[in-house]
Amino acid sequence: MMTGNEAVSGRDGSSWDEADEEGARPPRPGHSGLRSPIGLTLGERYDVEEEIGSGAFSITYRGRDVRLGRTVAIKVLRQTYAIDPTLVQRFGREARAAASVAQGNVVDVYDFGRHGDLLYLVMQFIEGEDLKKLIVR
């Protein structure tokens with residue numbers, strides 16, 4: 001079970017410790033109570049730059065890994081779900097499972113963690129159209 005206090009390592013050897021309680025922004029309209037993390041640095045490592053997609057459980061942002069100088073995708077669990085201990089445990093389990101997959105058709109998972117009340121997953125960023133838009137076409 002992920003409590004937010006343990007260190008967790010990604011496949012690339014990165015790890016996280018709970019970030020400081022630096023305040024997130026107030027909720028933006030239409031985002032189901034998610035405080036926008038744009039402009040924040042999560043885990044003292046990932047700068048959140050812009051929203052690139054959303055789904056029922058999370059919103060995905062383009063970000064920057066300041067240590068490695070690479071663009072990343074950052075999925076942030078909606079706060080409605082981030083307060084449910086069962087869903088938080090599931091999110092952590094799925095992050096660990098996804099990080100163990102090394103296959104060309106699956107994005108790499110680099111890290112996951114908590115920043116204040118935000119629960120996030122850091123993944124490989126792939127430039128291009130997202131699946132939701134492809135399905136609509």
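Residues numbered from 1 in each chain as written. Predicted model: local features only at pLDDT ≥ 70, side-chain atom pairs only at ≥ 80, totals over all residues. Heavy atoms only, no water.

A separate point is the overall build of the chain. Check the secondary structure of the chain and you find three helices and eight strands. Going from the N terminus to the C terminus, the chain shows its helices and strands as β-β-β-β-β-β-α-α-β-β-α. A burial count over the chain gives 37% of its 137 residues as buried. Counting only contacts in the chain whose residues sit at least 6 apart along the sequence, the fraction spanning at least 24 positions is 47%. Counting only carbon and sulfur atoms, one obtains 52% of the accessible surface of the chain, whose full area is about 7600 Å². (Helix = DSSP H or I, 4+ residues; strand = E, 2+ residues; numbered from the N terminus. Buried < 20%, exposed > 50% of the residue type's maximum accessible area, 1.4 Å probe, protein only. Contact = heavy atoms within 4.5 Å. Areas by Shrake-Rupley, 256 points an atom, 1.4 Å probe, with all protein chains shown as cover.)

Per-residue pLDDT for the chain has a mean of 78; in total, 75% of the residues score no lower than 70. Every residue in residues 1-32 scores below 50 in pLDDT, and together they form 75 contacts with partners more than four places removed in sequence or on other chains. (pLDDT = per-residue confidence, 0-100.)

Attention now goes to the sheet that holds strand β5 (residues 58-65). Strands pair in a sheet through their backbones, by hydrogen bonds, and they do so in one of two ways: parallel or antiparallel. Taken together, the six strands give an open sheet; going across it, the order is β3-β4-β5-β6-β8-β7, and neighbouring strands pair in antiparallel fashion. Across the chains shown, the open sheet's two edge strands, defined by having one partner strand only, are β3 (41-42) and β7 (109-115). Sheet topology places strand β6 (residues 70-77) next to strand β8 (residues 118-124); five bridges connect them, and they run antiparallel. Note that in β8 the partner of Val72 across the bridge is Gln124. Packed onto the sheet, helix α2 (residues 85-99) meets β6, β7 and β8 and runs at close to 160 degrees relative to β7. (Pairing = 2+ DSSP bridges. Axes fitted to C-alpha atoms, helices over the stretch in contact; angles between N-to-C directions.)

Let us look at the packing of aromatic side chains. On inspection of all chains with the given rule, the structure shows two aromatic pairs. With 6.4 Å between their ring centres and 65 degrees between their planes, Tyr46 and Tyr120 make a pair best called edge-to-face. Placement of Tyr46 in strand β4 (residues 46-54) and of Tyr120 in strand β8 is noted, with a sequence separation of 74 residues between them. Summarising the burial analysis for this pair, Tyr46 and Tyr120 share the class buried. Their ring planes at 45 degrees and their centres at 4.5 Å tell us that Phe57 and Tyr81 sit as a pair that is tilted. Pair noted here: Phe57 is in the loop between β4 and β5 and Tyr81 is in helix α1 (residues 79-82), with a separation of 24 residues, a long-range link. The class for Phe57 is partly exposed, based on a relative accessible area of 45%. Tyr81 sits in the partly exposed class, given a relative accessible area of 24%. In this arrangement the basic side chain of Arg70 is found over the ring face of Tyr110, its NZ or CZ atom lying 3.7 Å from the centre. (Phe/Tyr/Trp six-rings, centres within 6.5 Å; stacked < 30°, edge-to-face > 60°. Lys NZ or Arg CZ within 6 Å of the ring centre and 35° of its normal.)

Let's shift gears to unusual backbone geometry. Positioned with a positive phi, Glu44 is a non-glycine residue whose angle comes to about 55 degrees. Along the chain, Glu44 turns up in the loop between β3 and β4.

Relative to the helices and strands, Asp84 resides in the loop between α1 and α2. Here the side chain of Asp84 touches Thr86 through a polar contact of 2.8 Å, landing on its backbone nitrogen. (Polar contact = N/O pair within 3.5 Å; in protein donor to acceptor, adjacent residues only side chain to side chain.)

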